[in-house]
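Letter by letter, the chains look like this.
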Amino acid sequence: MNDDELVLKAKKGNMNAFQELVEKYTPVVEKFAYQLGNRREDIDDITQEVFIRVYRFLDQFSKAKFSTWLYKITLNVTRDAARKRMSNMKKVFKIQNEPAYDYPEVEAHILQNEEDRALHLCLQKLDEKYRVPIVLYFFHELKYEEIAEIMSITLSTVKTRILRGKTMLKKI
């Protein structure tokens with residue numbers, strides 16, 4: 001069954017169809033969340049929150065491509081989690097340094113060798129506005145138009161950010 005059929009059935013309350021979507025896209029969400037720089041202990045929570053939002057807002061989903069919508073939700077959940085982390089740190093008045101080289105369990109599926117590890121660490125040094133389009137284009141093989149939709153930016157901005165991001169990666 002394709003995504004459109006699964007989404008249609010899930011909208012009608014078919015939990016098996018929704019479960020199929022979750023099973024199919026959990027690795028994609030985990031990989032993208034990790035590539036966005038989330039910590040090991042946050043990957044499962046972020047993935048769960050993504051699918052909770054998918055379930056809650058499935059009735060509002062229209063004729064867009066499901067995977068594009070899912071990437072957008074994952075990006076928003078990641079941003080929300082980062083804001084929440086920062087807010088919690090301010091409330092406690094104690095800023096903790098996060099380890100720079102923290103790998104989640106999904107690492108085995110994402111990072112195959114030392115070169116991949118080095119590239120991942122370099123990507124994490126890029127500002128989010130450059131990192132996200134590069135990750136989506138090169139690692140998730142999305143088209144410029146899909147990236148523009150996910151990030152809510154223009155097509156020319158996507159192209160510019162990928163070009164500038166590649167230049168920055170080479171310097172790093």
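All of the points below concern the structure found in this document. Quantities reported herein were computed from a predicted structural model and do not represent experimental measurements.

A few words on the overall build of the protein chain. A count of helical and extended segments in the protein chain gives 9 helices and 0 strands. Helices (α) and strands (β) of the protein chain occur, in sequence order from the N terminus, as α-α-α-α-α-α-α-α-α. Split into buried and exposed, the 172 residues of the protein chain put 42% on the buried side. Intrachain contacts of the protein chain at a sequence separation of at least 6 include 61% that bridge at least 24 residues. Carbon and sulfur atoms make up 51% of the accessible area of the protein chain, which totals about 10600 Å².

Here we take up the pattern of salt bridges. Enumeration over the complete set of coordinates arrives at 8 salt bridges. Asp80 is the salt-bridge partner of Arg53, the closest N and O atoms lying 2.8 Å from each other. Within this pair, whereas Arg53 is found in helix α3 (residues 40–57), its partner Asp80 is found in helix α4 (residues 66–92), the two being separated by 27 residues in sequence. Between Asp80 and Arg83 there is a salt bridge whose closest N-O contact spans 2.4 Å.

The next thing to look at is a nonpolar patch on the surface. Judged by side-chain polarity, Leu119, Phe138 and Phe139 come together as a nonpolar surface patch covering roughly 240 Å² of accessible area. Looking at the secondary structure, you find Phe138 in helix α7 (residues 128–139).

Moving on: α7. Here α7 is 12 residues long and its end C-alpha atoms lie 15 Å apart, about the 16 Å a rise of 1.5 Å per residue gives. For α7, the set of buried residues is Tyr130, Arg131, Val132, Pro133, Ile134, Val135 and Leu136. The N-terminus of α7 is capped by Asp127, whose side-chain oxygen sits 3.1 Å from the backbone nitrogen of Lys129.

Here we take up the packing of aromatic side chains. Under the definition given, this model contains 8 aromatic pairs. The interplanar angle of 40 degrees and the centroid separation of 4.8 Å between the aromatic rings of Phe61 and Trp69 together place this pair among those described as tilted. In this pair, the class of Phe61 matches that of Trp69, namely buried. With a centroid separation of 4.8 Å and 90 degrees between ring planes, the pair formed by Tyr137 and Phe138 is classed as edge-to-face.

A few words on the packing of α7 against helix α9 (residues 155–171). Packing of α7 against α9 brings their axes to within 8 Å, and their N-to-C directions diverge by 100 degrees. Classified by the interaxial angle, the pair formed by α7 and α9 is roughly perpendicular. Here α7 contributes Lys129, Tyr130, Pro133, Ile134, Tyr137 and Phe138 to the contact with α9, which in turn contributes Arg161, Ile162, Arg164, Gly165, Lys166, Met168 and Leu169. Residue composition of the contact of α7 with α9, by class: 8 nonpolar, 1 polar and 4 charged.

Rules and cut-offs
All residue numbers here refer to positions counted from 1 along the written sequence of the relevant chain. Local features are withheld for residues below a pLDDT of 70 in this predicted model, meaning they are given only at 70 or higher, and side-chain atom pairs are given and counted only at 80 or more; totals for whole chains, interfaces and linings count all residues. Based on all heavy atoms of the structure, the side-chain values leave hydrogens and waters out of the count. Strands here are runs of E lasting at least two residues and helices are runs of H or I lasting at least four, both read from the DSSP assignment and numbered beginning at the N terminus. Burial classes follow relative accessibility: with a 1.4 Å probe on protein chains only, a residue under 20% of its type's maximum area counts as buried, one over 50% as exposed, and anything between as partly exposed. It only takes one pair of heavy atoms within 4.5 Å for two residues to be counted as in contact. Each accessible area is a Shrake-Rupley estimate made with a 1.4 Å probe; only the visible protein chains count as cover when residues are assessed. The salt bridge criterion pairs a side-chain nitrogen of Lys or Arg with a carboxyl oxygen of Asp or Glu, the two atoms within 4 Å. Think of a patch as exposed residues, more than 30% relative accessible area, with no salt bridge, where like charges cluster within 9 Å and nonpolar side chains (Val, Leu, Ile, Met, Phe, Trp, Tyr) cluster within 5 Å. Helix span, expected: 1.5 Å multiplied by one less than the number of residues in the helix. A 3.5 Å cut-off defines polar contacts: any pair of N or O atoms within that distance qualifies, except that in protein one atom must be a possible hydrogen donor and the other a possible acceptor, and neighbouring residues in sequence count only when both atoms are side-chain atoms. Note on aromatic pairs: the rings of Phe, Tyr and Trp (six-membered ring only in Trp) are paired at centre separations within 6.5 Å, and the planes decide the class, stacked below 30 degrees, edge-to-face beyond 60, tilted for the rest. Lines fitted to C-alpha atoms define the axes here, with helix axes fitted over just the stretch in contact, and angles between the N-to-C directions of these axes take values from 0 to 180 degrees. Here is the rule for angles: anything less than 35 degrees is roughly parallel, anything more than 145 is roughly antiparallel, 65 through 115 is roughly perpendicular, and the remaining ranges are oblique. Under the convention adopted here, Pro, Cys and the residues Ala, Val, Leu, Ile, Met, Phe, Trp and Tyr are nonpolar, Asp, Glu, Lys and Arg are charged, and Gly plus all remaining residues are polar.

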